Each structure stands twice: as structure tokens, then as C-alpha cells.
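Structure at a glance
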Amino acid sequence: MSVATVAILALVVAAAAFVQGTSGLGFALVVAPVAGLLEPALLPVFVLASMIPLNVYVAWRERHALDLRGAGWITVARLVATPGGLVLLWAVPEQRLGVVVGAATVLAAVVSLAAPTFVPGRAAYLGAGLVTGLTETATGVGGPPLALVYQHRPPAELRSTVAVCFLVGEVVSLALLLATGQGSPAQLGWAALLLPALAVGAWLSKLAHHRVDAARMRPLVLVFALVSGVVLILAP
């Protein structure tokens, strides 16, 4: 990987960590399309591994607002669906993975932008967990279903609960990918190399998450995701 590619990824990772640490979503939506364009071989392990320390930090920072009931149902469904995501990854040739990531990103962003207001219940938690288990394991993108469930809840509840759900699922998905040969230590190495950039973004989110209007940031993240996803689909 060239120095320029590493520098671009570092900037993107820092920006994405700031966005997710502030609004509760956006890391994978921002990083996965860019990584898919620059270095497709990094997906999905690089995104999953990068998100683990970020979600540990956010979950601990806002543990007081955690929705244990919702997180429990989502996690159960997420774990059930994880093998399905692995099957999907096996079925997609590596050279077509960018298209799958782009399509998943665009679909997730469109659904997130268009979803009406609703009060989540058990069915919503289970549905979000199932979809997240499939898409995040296969592509690294899994946040929008969880954001949909919590989009009308207090921002701290969204951030902490989504972080916990992500954290459990990411550890399981990453272990399964590595155990089945769908991931490599080199991909983990790149995630480790960019930890300083992740830490900068997370630290900046600590300073800003009480001040930044997450409701205004969310559409910006989703529009960026739409554009990135379309470019990824159309890229040769």
C-alpha cells in the first residue's frame, strides 16, 4: 500500500471515528466505500477490527444510557445471522466485493433517509440484528438498521446501545472470518497501524458530542455514503 493511500485512509478513519463518536453511526458507511476504492483486499476485516476499540470507548463513555433490553434482543439476532454473512462473503468473488459493499451502503443509506418515525419493539430489534449480522459480516457495513431502531431515542442511548451491539457482533464476526481463512493478520496489521488516527477522531468526538447536533450530522453522513456507494458500484 502506498504512502498516499495510507495517508488518505488515516484521514478517513479519523473523520469517521469523530462522526460515529458524535452521532452514534457512520464509521463503516464512511470507511468501507473509501477502503473498497483504494484497497478492496482490506474488506471487511479492516473495518471490523478498526471499529472494536472505537466501540469499546463509546460504550464505556456513555454506559449510563445503555438500553440493555434492546441490546440483548439485537445481539441474539446478530449472532444467529453471522454465519449467513460468512456464506455471502464466500459466494461473492473478491473482485466483485466492492460492488456488494457499494450496493449495501446505498441501500442502507436510502432506507435510513426514508424511514418514518416509529417506536421500536421486539420485532424491530430482532430484524435489525438479523440484517446487521448479514451485512456487517460480509461487508463491514451494518450500522443503518441499528440507527433506524434508535433514531428517535436520546442521542446518548443510541450511541451507547449501538456501540455495545456492534462490539459483540464485530468480535464474533472477526473471529469467524479469521478462523475460516476469510481474513488475514495483514488486514489486522493495517487496522493497528491506523489506531492513532482512530484515537484522534474519538478524542475529538469527546469534545464535541455534547455540542454537535447529531440530527444534522446524520443526513450529511448518509449523503456521503450514497455518493461513495454509487462511485464504488460504478468503479471498474
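In the block above lies the structure referred to throughout.
So, here is what we can say about the structure in this document.

1. Focus: the overall build of the protein chain
- Summing up its helical and strand segments, the protein chain has 11 helices and zero strands in all.
- Taken along the three principal axes of its C-alpha coordinates, the protein chain extends 40 × 35 × 30 Å.
- When each of the 236 residues of the protein chain is scored for burial, the buried share is 53%.
- Once local pairs closer than 6 in sequence are excluded, the contacts in the protein chain between residues at least 24 apart make up 85%.
- When the accessible area of the protein chain is evaluated, it comes to approximately 10100 Å², of which 74% is carbon and sulfur surface.
- Looking at charge distribution, the protein chain has the averaged site of its 12 positive side-chain charges lying 8 Å from that of its 8 negative ones.

2. A closer look at a nonpolar patch on the surface
- On the surface, a cluster of nonpolar side chains totalling about 450 Å² of accessible area is made up of I8, L37, L38, V223, V227 and V231.
- Put simply, the parts of the chain that give the nonpolar patch at least two residues each are α2 (27-38) and α11 (214-234).
- Broken down by element, the residue count for the nonpolar patch peaks at three residues, all from α11.
- When you line up the elements, L38 lands in helix α2.

3. Brief notes about the side chain of S23
- Here S23 is to be found in helix α1 (residues 3-23).
- Only 2.8 Å separates the side chain of S23 from the backbone oxygen of V19, close enough to count as a polar contact.
- Within the local environment of S23, its side chain forms a polar contact with the backbone oxygen of L25, the two atoms lying 3.0 Å apart.

4. Let's talk about the pattern of salt bridges
- Taken as a whole and judged by the stated rule, the model has two salt bridges.
- Among the salt bridges present, the one from E62 reaches R61, with a minimum N-O distance of 2.9 Å.
- One salt-bridge network, held together by shared partners, links R61, E62 and R159.

Each value, and the rule that gives it
- Residues numbered from 1 in each chain as written.
- Predicted model: local features only at pLDDT ≥ 70, side-chain atom pairs only at ≥ 80, totals over all residues.
- Heavy atoms only, no water.
- Helix = DSSP H or I, 4+ residues; strand = E, 2+ residues; numbered from the N terminus.
- Buried < 20%, exposed > 50% of the residue type's maximum accessible area, 1.4 Å probe, protein only.
- Contact = heavy atoms within 4.5 Å.
- Areas by Shrake-Rupley, 256 points an atom, 1.4 Å probe, with all protein chains shown as cover.
- Lys, Arg positive; Asp, Glu negative; His and termini not counted.
- Charge placed at Lys NZ, Arg CZ, Asp CG, Glu CD.
- Patch = residues over 30% accessible without salt bridge, like charges linked within 9 Å, V, L, I, M, F, W, Y side chains within 5 Å.
- Salt bridge = Lys/Arg side-chain N within 4 Å of Asp/Glu carboxyl O.
- Polar contact = N/O pair within 3.5 Å; in protein donor to acceptor, adjacent residues only side chain to side chain.

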